[in-house]
Amino acid sequence: MSQGSSQRPHPHPLRRTAQRPHRVAVIVDEGTNPFEVGVATELFGLPRPELGLPGPLYEVTLCGPAPEIRMNHGFCTLTGVPGLDAVDGADTLVVPGRPDNVVPRVPAVLDAIRRAHARGTRVVSFCTGTFALAEAGLLDGRRAATHWRWADAFRRLHPRVLLEPDVLFVDEGDVLTAAGSAAALDLGLYVWRRDHGAEIANHVSRRLVFAAHRDGGQRQFVERPVPDVRDASLAPLLAWAEERLAEPLTVADLAARARVSPATLHRRFRAQLGTTPLAWLTAERVALACRLIERGEERLEVVAARSGLGTAANLRARLRRATGLSPSAYRRRFGGGGGEALVP
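Report on the accompanying structure. Computed from a predicted model, the values in this text were never measured in an experiment. (Residues numbered from 1 in each chain as written. Predicted model: local features only at pLDDT ≥ 70, side-chain atom pairs only at ≥ 80, totals over all residues. Heavy atoms only, no water.)

Using the criterion set out here, one finds 18 salt bridges in the structure. Between Arg23 and Asp91 there is a salt bridge, and its shortest N-O distance comes to 4.0 Å. Separated by 68 residues along the polypeptide, Arg23 in strand S2 (residues 22-27) and Asp91 in the loop between strand S5 (77-79) and strand S6 (92-95) bring together distant segments of the chain. Judged by relative accessible area, which is 29%, Arg23 ranks as partly exposed. The partner of Arg142 in a salt bridge is Asp174, with the nearest N and O atoms 2.6 Å apart. Residue Arg142 is located in the loop between helix H3 (129-135) and strand S8 (143-144), and its partner Asp174 is located in the loop between strand S10 (169-171) and strand S11 (175-178); the two are separated by 32 residues in the primary sequence. On the basis of relative accessibility, which here comes to 18%, the residue Arg142 falls in the buried class. (Salt bridge = Lys/Arg side-chain N within 4 Å of Asp/Glu carboxyl O. Helix = DSSP H or I, 4+ residues; strand = E, 2+ residues; numbered from the N terminus. Buried < 20%, exposed > 50% of the residue type's maximum accessible area, 1.4 Å probe, protein only.)

Have a look at this one:
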């Protein structure tokens, strides 16, 4: 388990058949944040021909309590919004946040959330959408995440919810909550990974130009503002390193490639990625190991060597820490090649 997320190793069953994609409904309500609506449609609503699949894996429908919805601070108004009965056909329901969190939600919205959850729909909230899920009664006695700025207000309003203040998102199986607007991207990519495996999720993350996994939690954002960074991006260095994960790369090697000191490189990683060079390098190696397992590689030593993790023992430990699964359990869930055990 990474410190950036809180997960349970029991995935929600992906409802998708050869006849139709997995249906995602996004509730838009008065004051909803348009960024988070955009995240949902970007993640789940775009065609993805680069995956080479015969059809889309997801389809998205916006729905709301009225045909016209005024978005956050009047930034824009959505018109022609379908009614909340669209929730009844959804496999996943996404509830974005809004700034007026202490104002009760429209009863029809809360009823739609409860109705969806009761029929087995996976429910996902972005940022302060957690307030709506708690108000609907979905989170009592369960763990959840919300934006750090609203953590105290959330605790006062919903004391029976087990708020985890430092993580980027929480997976409770049938209910998933993201801590902030950008963390909605983290959670959305995690949903892709949980539904379809690391390789497909990495394709989606590359198109977004967003890390498939961010180590660390909210605390890095609470304690201090993002410092001024002179260099435009770490992208060239990251791309160079990603092509050499099997090699014995060290932080010193990365710093030499970037022509900076290790201390400067550390500061730049913290500022731009919210993690350390070593943690990023390890996460990328684990992601590569996941892809190799998904592609059918059964030999642990080969996976460990090709991913740069070195030994089968280190592979087992790193994979369990990142996913909560052993290599064999990961292959059974995501490998698509049956339940055979990985062998040394």
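A word on helix H8 (residues 235-242). For H8, the set of buried residues is Leu237, Leu238, Trp240 and Ala241. Buried positions in H8, seen along its axis, are confined to an arc of 160° and lie on one side of it. Where H8 is buried, its residues touch helix H9 (251-258), helix H10 (262-273) and helix H11 (277-294). (Arc of directions from axis to C-beta. Contact = heavy atoms within 4.5 Å.)

Helix length check: helix H13 (residues 312-323) (twelve residues) gives 16 Å between terminal C-alpha atoms against 16 Å at 1.5 Å per residue, within 8%. The complete set of buried residues in H13 reads Ala312, Leu315, Leu319 and Thr323. For H13, the angular spread of buried residues about the axis comes to 50°, placing them on one side. The exposed residues of H13 that point more than 90 degrees off its buried face are Ala313 and Arg321. Of the surrounding elements, those touching the buried residues of H13 are helix H5 (183-196), H11, helix H12 (300-307) and helix H14 (327-334). Positive phi appears at Gly324, one or two residues downstream of H13, with a value of about 80°. (Expected span 1.5 Å × (residues − 1).)

Moving on: unusual backbone geometry. Located in the positive-phi region is Cys127, a residue other than glycine, with phi close to 55°. Relative to the helices and strands, Cys127 resides in the loop between strand S7 (122-125) and H3. Backbone geometry places Arg259, a non-glycine residue, at a positive phi of 60°. Counting through the fold element by element, Arg259 comes out in the loop between H9 and H10.

Our focus in this paragraph is a nonpolar patch on the surface. On the surface, Val102, Val103 and Leu157 cluster together to form a nonpolar patch covering roughly 250 Å² of accessible area. By the element assignment, Leu157 lies in helix H4 (residues 151-157). (Patch = residues over 30% accessible without salt bridge, like charges linked within 9 Å, V, L, I, M, F, W, Y side chains within 5 Å. Areas by Shrake-Rupley, 256 points an atom, 1.4 Å probe, with all protein chains shown as cover.)

Glancing now at the packing of aromatic side chains. Applying the stated criterion to the full structure yields six aromatic pairs. Their ring planes at 70° and their centres at 4.7 Å tell us that Tyr58 and Trp192 sit as a pair that is edge-to-face. With a gap of 134 residues between them, Tyr58 in strand S3 (residues 58-63) and Trp192 in helix H5 connect regions that are remote in the sequence. Judged on exposure class, the residue Tyr58 and its partner Trp192 are both buried. Here Phe169 and Tyr190 contribute two aromatic rings whose centre-to-centre distance is 4.9 Å and whose plane-to-plane angle is 35°, an arrangement assigned as tilted. On the criterion of sequence distance, the pair formed by Phe169 in strand S10 and Tyr190 in helix H5 is long-range, its members being 21 residues apart. With a relative accessible area of 6%, Phe169 lands in the buried category. You can call Tyr190 buried: its relative accessible area is 11%. Joined through ring pairs, the aromatic side chains of Phe44, Tyr58 and Trp192 make up one cluster. (Phe/Tyr/Trp six-rings, centres within 6.5 Å; stacked < 30°, edge-to-face > 60°.)

Turning next to the pairing of S2. With respect to burial, S2 is a largely interior element, five of its six residues being buried. Pairing of S2 with S3, which is carried by six bridges, proceeds in the parallel orientation. In the strand pairing of S3, His22 is matched with Tyr58. Following the backbone out of S2, through helix H1 (residues 34-44) and into the adjacent parallel S3, one traces a crossover that is right-handed. By the bridge criterion, three bridges tie S2 to S6 in an arrangement that is parallel. If you follow Ala25 over to S6, its bridge partner there is Leu93. (Pairing = 2+ DSSP bridges. Right-handed = clockwise from strand over helix to strand, strands pointing away.)

The values are spatial; any link to function lies outside them.
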